[in-house]
Each structure stands twice: as structure tokens, then as C-alpha cells.
Amino acid sequence: MKQTNRVSIIKSPANIAFIKYWGRSSTKDILPLTDTFSMNLSNCYTIVRLEVVDDSGVQELFIKDYKAETHKQDTGTALLKVQQYYARAKKYLGVTKNFGFRIYSENSFPKKAGIASSASFFSAQALAFATLFEKKLPEKQLSILSRLSGSGSAARSVCDGFVVWKKGANSTNSYAQSIAPATYWKLVDLVLILTYQEKKAGSGEGHEGAHTSPFLSCRISSTKKRIRHMLDTFKTKDFVTFGRLIEEDAVSMHAVMMTQSPPLYYWSGATMEVIKKTLALREQGIEAYFTIDAGENVHIICEKKNEKKVFSYFSKLKEVQEIISNDPAVGTRLIG
Ligand code: DP6
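Rules behind the numbers
Going along each chain's sequence as written, the residues are numbered from 1 onward. In keeping with the predicted nature of the model, local features appear solely for residues at pLDDT of at least 70, side-chain atom pairs appear and are counted solely at 80 or more, and the whole-chain, interface and lining totals rest on all residues. As a rule here, side-chain values come from all non-hydrogen atoms in the structure, and water together with hydrogens is ignored. Here a strand is any run of E in DSSP of at least two residues, a helix any run of H or I of at least four, and the numbering for each starts at the N terminus. Based on C-alpha atoms, the radius of gyration is set beside the globule rule, defined as 2.2 Å times the residue count to the power 0.38. Throughout, a residue-residue contact means that at least one pair of heavy atoms, one from each residue, lies within 4.5 Å. As used in this record, nonpolar core signifies buried Ala, Val, Leu, Ile, Met, Phe, Trp, Tyr and Cys residues forming a set joined through side-chain atoms within 4.5 Å. In this scheme, a residue with accessible area under 20% of its type's maximum is buried, one over 50% is exposed, and one in between is partly exposed, where area comes from a 1.4 Å probe on protein chains only. Definition of a polar contact: a pair of N or O atoms within 3.5 Å, with one able to donate and the other able to accept a hydrogen when the atoms are protein atoms, and with sequence-neighbouring residues admitted only if both atoms are side-chain atoms.

Student: What is the right way to read the overall build of the protein from this model?
Tutor: Counting its secondary structure elements, the protein contains 9 helices and 14 strands. Here the protein has a C-alpha radius of gyration of 19 Å; the compact-globule value for 336 residues is 20 Å, and the two agree. With respect to the three principal axes, the spread of C-alpha positions in the protein is 60 × 45 × 40 Å. Sequence separation of 24 or more characterises 76% of the internal contacts of the protein that already satisfy a separation of 6 or more.

Below you can see the structure in the form of C-alpha cells.
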């Protein structure tokens, strides 16, 4: 019979970056080159069930993919990453005792498709390991621990609503903080699923390659100005300027991706079609802006008052398989 002691359940959101993280100043410590800014997503999240097992030799991972009926045991790369992260978390938390664990993870959205599944998974995992080692961490420490998973964007999922991750100068001062609660601004992120396929290239190697792009220095200097401008705009809720800055940042990141060596082309024909359709929608007087992470799928940002119209417009496109509609959301939580 399986032996289990404590059980904890954690829910953590994915997030969409308005000012994106691409390239690192330290690979070891996962430090970004610029500050970044994001919003947590209400309907794209990971639920992790942690079972603490007496036998410290037990390290098991079960994953239920989007729309799958059951969890399947993973004995490959995903388990290895979790095991490596367990060792790193143990070191960070300064604990010596070993615990066994069984982790059941479930996603409300397709993974590895440019919707920050590793951010939601690893931020949930950070709280799971803190709970495993019976450590109650302040938010700042949880954000650092999430960042150390290797998925830097996980640092942002921890905090509520709208979040800034300051790049910091070293591992102890690079963490995210909420700058406004989820209720602050009724923005919507319509995630347009153009493909369910998992991307070939992970972000890890991509961050390394960023340094080979001749456009990286230009992105860094323009991003510093852009984030200041965006945060000013955020205060006044000037959506048109905000939206333009969101698009500018996404295109600037993809310009680096496409010009690094080896190049990363995440956009497909369908991505480009959606970009054009977004511009056409604006010509009709409806304010909606696109942003794209490391994947083919597109996020459309609009204000809640326009959600129905924007949803209906994009749901008619043949390229769009499904739309997941998200409001701003709270950060990582223990829910059971
Ligand atoms: C392109 O290193 O956080 O989404 O492990 O793929 O989640 P994953 O990646 P991470 O880099 C992703 C960066 C980005 C932009 C962003 O979210 O800021």
C-alpha cells in the first residue's frame, strides 16, 4: 500500500508579460537583463497536489495534460527537472532532512505552447517544496525560490494581479512584487490557441542565444524606457498607449529571437494572420492589442467592456482553434 503523510494542494496562475524577459545576465542565478512587467491569468493555471511520503527514496511525478482524462506518470525529463529543483530548493531553504514526494500536476491550458505553463507549474512547485520542508516563506522569498527553478517568469506568478520583476543585481534582490491587485484594471487576455503542438525549442537555450543578436543592446535600452512609460500609463489607465507599448515590446523580443544564433522563429502563418486581423479590428475602432510569448499562439489584450466583441471577432477566424478568456488573477495559493 502507498504510504502518505501530509497532503497539500496548490494553485498557481500563468502570467502574460507586457514587458518581457528575454536573455539573462546570469545563467546560474536566472537574472533577467531588464525589469519585466506582467499580469496573472485567471483561467490558465496549474494545480499541484503534493503528497509527502515517509520513504525519502520516493520521488514521483504524475501529469494530467490539458483535456486529458487521467494523470500519467512521468519518468523522463519533467521528473528530472523536478528532482533537480528539489535539490536546489533544499539548498536554498537550508534544510538537511530528506522527504519523499508524490506530485500530481494538472493544467487548465495546453503546455509548452507559449502560455507560460512552466511559470505556473514551477511557482506552484516552489510553494509545494516550501510546504514539504515545513517552511512558511514571505512572498519575496517564494518569488526568489520560484525564479531558481530555471523558469524565471515563475517568479512573477507568485504575486497578486499586476506584477513587476525587478532584475536586481544578484540572486537575493531579483524578485517580483505586486504593483496593483487583480481588481485594479479590468483588462482581459484572450489566449488564441492556434496550435496545441508543443514547441520544439525551450526558453532555456533561447535566453543564452539572445546575446548573439545584434539587436539585443537596442532592445535593452529601449525596454528600460518602455517599462517606465508603461508604468506611467498603467497609473492613468490610458489603454491605447498601454496597448501600443505591449505590442512594441513583443515585437522587439521576437526581433531578438529571430536574429539570434541559432534563430528562433516562433511565429507561424497563423500567428501573422492574427496580427493582421488585430490591426484590422483597430481600424474598426475596437481597441485590442496582440502579444506573443515563446510560441505560436497569440494573446489579445483588451478592456473588459470590449471582451464580447473581440472574442466574437477572433472566434470566427479559421486559424483559431479555441479561445481561453482570462481576467487578472491572484498569485500562487495553498488551496487545500
Ligand atoms: C518569452 O525562462 O520563464 O515567456 O521556462 O519557457 O517559462 P519558460 O521560460 P522563461 O522565459 C520565458 C520568457 C517569455 C517572456 C516572459 O514571460 O517574460
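Student: Looking at this model, I keep getting lost on unusual backbone geometry. Mind explaining?
Tutor: What is expected of a backbone is that most residues other than glycine have negative phi and most peptide bonds are trans. Cis geometry marks the peptide bond from Ser 261 to Pro 262, where omega comes out at -5°. Among the structural elements, Pro 262 can be located in the loop between helix H7 (239–259) and helix H8 (269–283). One non-glycine residue, Glu 134, lies in positive phi territory at about 55°. Mapped onto the fold, Glu 134 is located in the loop between helix H2 (117–132) and helix H3 (139–147). Unusually for a residue other than glycine, Lys 237 sits at a positive phi of about 55°.

Student: What's the story with the nonpolar core in this structure? I'm lost.
Tutor: Counting residues in each nonpolar core, the largest one holds 66 residues, and the members touching the most others are Phe 18, Phe 37, Phe 129, Leu 132, Phe 162 and Phe 242. Leave out the neighbours within four places in its chain, and Leu 132 touches Arg 6, Leu 50, Val 52, Tyr 86, Phe 99, Gly 100 and Phe 101. Core analysis: the next-biggest nonpolar cluster, separate from the first, contains 21 residues, Ile 286, Phe 290, Ile 300 and Cys 302 among them.

Student: In this structure, what is going on with the environment of Arg 282? I would like to understand it.
Tutor: On the secondary structure map, Arg 282 appears in helix H8. Once the C-alpha coordinates of Arg 282 and Pro 262 are considered, the two residues, 20 residues apart in sequence, prove to be 35 Å apart. A polar side-chain atom of Arg 282 sits 2.8 Å from the main-chain carbonyl oxygen of Ala 288.

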